[in-house]
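Here are the chains, one letter per residue:
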Amino acid sequence: MKKVRDNLASSPVSPDAFSHVLFISDLHLCASRPHITNAFLDFIKNTASKASALYILGDLFEYWAGDDDVDAHHQVIITAFSTLADSGVKIYFMHGNRDFLIAEKFCHSAQITLLPDPTLIDLYGKKTLLSHGDALCTDDLAYQSFRLQVRNTSWQAQFLSQPLQSRKQQIEAIRLRSEQEKSQKSMLIMDVNQEAVEALIAAYDYPALFIHGHTHRPNEHHTKVSGHDITRWVLGDWYEQGSYLICSENGCKAIRLPEVQAGN
Ligand code: LP5
Ligand code: MN
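Asks: Provide a residue-level description of the sheet that holds strand 9 (residues 228-234), including the pertinent values.
Replies: Within the open sheet, the 5 strands sit side by side as 5-6-7-9-8. Their pairing is mixed. On the outer flanks of this sheet lie strand 5 (119-123) and strand 8 (219-225), each paired with one strand and no other. Going across the sheet, the axis of each strand differs from the next one's by a mean of 25°, ignoring polarity. Judged from the 7 bridges that link them, strand 8 and strand 9 form a sheet pairing that is antiparallel. Along strand 9, the bridge assignment pairs asparagine 219 with valine 234.

Asks: Mind laying out the site of ligand 1, listing which residues take part and the relevant values?
Replies: Taken together, 23 residues are adjacent to ligand 1, and Arg98, Asp140, Glu181, Lys182 and Lys185 come closest. Note that an oxygen atom of ligand 1 is positioned 2.8 Å from one of the side-chain N or O atoms of lysine 185. The contact in question runs from an oxygen atom of ligand 1 to an N or O atom on the side chain of histidine 214, over 2.8 Å. Protein contact buries 90% of the 1,000 Å² of open area that ligand 1 shows by itself. Given that more than half its atoms are within 2 Å of the pocket grid, ligand 1 belongs to the largest pocket. Breaking the shell around ligand 1 down by element, the ones donating at least two residues are helix 5 (141-150), helix 6 (153-160) and helix 7 (164-182). Ranked by residues supplied to the shell around ligand 1, first place goes to helix 7 with 8 residues. Each residue belonging to the shell around ligand 1 can be placed in one class, and the counts come to 11 nonpolar, 4 polar and 8 charged.

Asks: Describe in detail the coordination of the manganese ion (ligand 2), supporting the description with residues and values.
Replies: Taken together, the protein donors to the manganese ion (ligand 2) comprise Asp59 (OD), Asn97 (OD1), His132 (NE2) and His214 (ND1), at separations of 2.0 to 2.3 Å. Given a relative accessible area of 17%, asparagine 97 falls into the buried group.

Asks: Tell me about unusual backbone geometry, and name the residues and values.
Replies: At the junction of aspartate 117 and proline 118, the peptide bond is cis and its omega measures out at 0° in the coordinates. Along the chain, the position of proline 118 falls in the loop between strand 4 (113-115) and strand 5. In this structure, histidine 216 is a non-glycine residue whose phi angle is positive, near 60°. Taking relative accessible area as the criterion, histidine 216 reaches 24% and is therefore assigned partly exposed. For serine 226, which is not a glycine, the phi torsion comes out positive at approximately 45°. Tracing the chain through its elements places serine 226 in the loop between strand 8 and strand 9. The class of serine 226 is exposed, set by a relative accessible area of 60%.

Asks: For the state of the cysteines, give the residues involved together with the corresponding values.
Replies: Under the counting rule described, the total for this entry stands at 1 disulfide. In this model cysteine 247 forms its disulfide with cysteine 252; the gap between the sulfur atoms is 2.2 Å. With the S-S dihedral at roughly 110°, the linkage between cysteine 247 and cysteine 252 falls on the right-handed side. Judged by relative accessible area, cysteine 247 falls into the buried class, the value being 0%. Given the relative accessible area of 22%, cysteine 252 is considered partly exposed. Here cysteine 30 stays free of any disulfide, with the sulfur of cysteine 107 as its closest cysteine sulfur at 20 Å.

Asks: Can you lay out the packing of helix 2 (residues 34-46) against helix 3 (residues 72-86) for me, pointing to particular residues and giving the numbers?
Replies: Helix 3 packs onto helix 2 with a crossing angle of 10° between their chain directions and a minimal axis gap of 10 Å. As far as their axial angle goes, helix 3 and helix 2 are roughly parallel. Residues Thr37, Phe40, Leu41 and Ile44 of helix 2 pack against His73, Val76, Ile77, Ala80, Phe81 and Leu84 of helix 3.

Asks: Would you mind going over the pairing of strand 7 (residues 209-212) in detail, with residue names and values included?
Replies: Here strand 7 shows no split at all, with Leu209 and Ile211 on one side and Phe210 and His212 on the other all buried. Here 4 bridges tie strand 6 (residues 126-131) to strand 7, and the two strands are oriented parallel to one another. Note that in strand 7 the partner of leucine 129 across the bridge is phenylalanine 210. Summarising the sheet, strand 7 and strand 9 pair through 4 bridges and their orientation is parallel. Within strand 9, the residue paired with histidine 212 across the bridge is valine 234.

Cut-offs used in this document
Residues numbered from 1 in each chain as written. Chains lettered and ligands numbered in written order. Predicted model: local features only at pLDDT ≥ 70, side-chain atom pairs only at ≥ 80, totals over all residues. Heavy atoms only, no water. Pairing = 2+ DSSP bridges. Helix = DSSP H or I, 4+ residues; strand = E, 2+ residues; numbered from the N terminus. Axes fitted to C-alpha atoms, helices over the stretch in contact; angles between N-to-C directions. Near = heavy atom within 4 Å. Polar contact = N/O pair within 3.5 Å; in protein donor to acceptor, adjacent residues only side chain to side chain. Areas by Shrake-Rupley, 256 points an atom, 1.4 Å probe, with all protein chains shown as cover. 1 Å grid on protein atoms, 1.4 Å probe; cavity = no way out; pocket = protein on both sides within 12 Å on 5 of 7 lines; lining within 4 Å. Sits in = over half its atoms within 2 Å of the grid points. Nonpolar A, V, L, I, M, F, W, Y, C, P; charged D, E, K, R; others polar. Donors = N, O, S within 2.8 Å, 3.2 Å for Na, K, Ca; no water. Buried < 20%, exposed > 50% of the residue type's maximum accessible area, 1.4 Å probe, protein only. Disulfide = S-S within 2.5 Å. Parallel < 35°, antiparallel > 145°, perpendicular 65-115°, else oblique. Contact = heavy atoms within 4.5 Å.

The structure is reproduced here in structure tokens:
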């Protein structure tokens, strides 16, 4: 809760008053799904280029082992972001549970601004809270205990001091274990906890909008928290098709891109 309060004290980020702002999350980009990377590159070139700002709310990559892992696939994405930024689009990134090791070097090369989770912004006059969303899955005790461990800065420094190959091997082992454990967990446990959502909204003084990802259950939820009307947008993943939330003076709308097949 302290971190929440600390962030609350910082001044809100305001997107420039151009036509519209886009939000995406959970792309899980990786070299083994080139059709998704191609859909993403197309989105950057033809859709994001027309926005004033692009917010990426975590899990841009399938996983991130450290900023020293710059392979050809990562370089293509870095170049796409950098070109987008050069054209005047502001790019903001927030860590997800798979790419929280993204650090200064990557952000600098990609010309991306790293945001803390959560972050409050002023979206066309509407107070809007942004988060990845995993911290709100408080019923998933096994995950929260894992999260506590790997988000610790000393643990991360120790992990990052190991050779890249060894880090990747450990990540593969965690990925396997995560998939095994997820198959035993209920959908309810892996969703956000409503009380945790409401506590966060109250801590940020009842923003009108709350946008997050992580659960891969895209939806628009309308709730009342202590008498305040709150709209909670959940962003979709990019496993089978891309999707994004577009927000302007006139409100927000979820858009699905055409489905893409492997091999295209
Ligand atoms: O991502 P998603 O939605 O599929 O699943 C998440 C939770 N799983 C994870 C793990 C990631 O998917 C894969 C790893 C990412 C790599 C990060 C890089 C750096 C870390 C290096 C670690 C060596 O986040 C899943 C949730 C699900 O969301 C829904 O919210 O349920 O959580 C799990 O499945 C976690 C297991 O329940 C617990 C795993 C315990 C592992 C304990 C190992 C102890 C050692 C830790 C330090 C190495
Ligand atoms: Mn996630």
